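Geometric and topological summary
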Amino acid sequence: PQEPPATHHGAGKAKARKVGKPPEDLGPPKPERRICMVALRASGAGQESCNQDYRYCGLHQGKPMFKASNGAVIYFNKFWKMNKIYKTTGW
């Protein structure tokens with residue numbers, strides 16, 4: 001007598017696996033950081049091109065950064081600084 005061909009049990013079935021942590025294992029929610037000031041106006045700057053309206057454009061070193069339409073920026077790097085161009089490495 002001839003034996004039937006060998007078969008693999010479960011062949012063709014997808015196995016489920018866990019990816020990431022379930023929500024209950026993530027711990028308590030982290031507090032949100034919100035920024036209320038989204039725009040400001042600078043005047044009286046020594047560099048006339050810095051006297052502009054600025055809009056919030058993101059964070060720089062964990063503090064809000066603001067950019068004017070002409071590319072001038074206000075940012076924090078040890079203290080608040082203003083630059084006539086979009087550059088945070090010098091002022």
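Residues numbered from 1 in each chain as written. Predicted model: local features only at pLDDT ≥ 70, side-chain atom pairs only at ≥ 80, totals over all residues. Heavy atoms only, no water.

1. Thoughts on the pattern of salt bridges
As enumerated under the stated definition, the model contains one salt bridge in all. For the salt bridge of D53 with R41, the shortest nitrogen-to-oxygen distance reads 2.5 Å. In this pair, D53 is assigned in strand β2 (residues 53–60) and R41 in strand β1 (residues 39–41), connecting sequence segments 12 residues apart. For D53, a relative accessible area of 43% corresponds to the partly exposed category. Residue class for R41 comes out exposed when judged on its relative accessible area of 66%. (Salt bridge = Lys/Arg side-chain N within 4 Å of Asp/Glu carboxyl O. Helix = DSSP H or I, 4+ residues; strand = E, 2+ residues; numbered from the N terminus. Buried < 20%, exposed > 50% of the residue type's maximum accessible area, 1.4 Å probe, protein only.)

2. Regarding the packing of aromatic side chains
The final tally for this structure, using the stated rule, is two aromatic pairs. Taking the centre distance of 6.2 Å and the plane angle of 75° together, the rings of Y56 and F66 count as edge-to-face. Separated by 10 residues along the polypeptide, Y56 in strand β2 and F66 in strand β3 (residues 63–68) bring together distant segments of the chain. Geometrically, the ring pair formed by F76 and W80 is edge-to-face, given 5.4 Å between the ring centres and 70° between the ring planes. Among the residues examined, W80 registers a relative accessible area of 45% and is labelled partly exposed. Note that K63 overlies the ring of F76, its terminal NZ or CZ placed 5.3 Å from the centroid. (Phe/Tyr/Trp six-rings, centres within 6.5 Å; stacked < 30°, edge-to-face > 60°. Lys NZ or Arg CZ within 6 Å of the ring centre and 35° of its normal.)

3. Examining the nonpolar core
In this structure, A42, C50, Y54, F66, A68, A72 and I74 together form the largest nonpolar core, which totals seven residues. Beyond its immediate sequence surroundings of up to four residues, C50 is in contact with A42, A45, M82, N83 and K84. (Core = buried A, V, L, I, M, F, W, Y, C linked by side-chain atoms within 4.5 Å. Contact = heavy atoms within 4.5 Å.)

4. Some words on the side chain of H60
Looking at the secondary structure, you find H60 in strand β2. Setting aside chain neighbours within four positions, we find H60 in contact with M65, Y75, F76, N77 and T88.

5. Quick look at the sheet that holds β1
Overall, antiparallel pairing links the five strands, which are arranged β1-β2-β3-β4-β5 in an open sheet. Each edge of the sheet is formed by a strand with only one pairing partner; in this case those strands are β1 and β5 (80–83). Strand after strand, the sheet turns through a mean of 30° between neighbouring axes, direction not considered. As paired strands, β1 and β2 are joined by three bridges and run antiparallel to one another. By the bridge assignment, L40 is partnered in β2 with Y54. (Pairing = 2+ DSSP bridges. Axes fitted to C-alpha atoms, helices over the stretch in contact; angles between N-to-C directions.)

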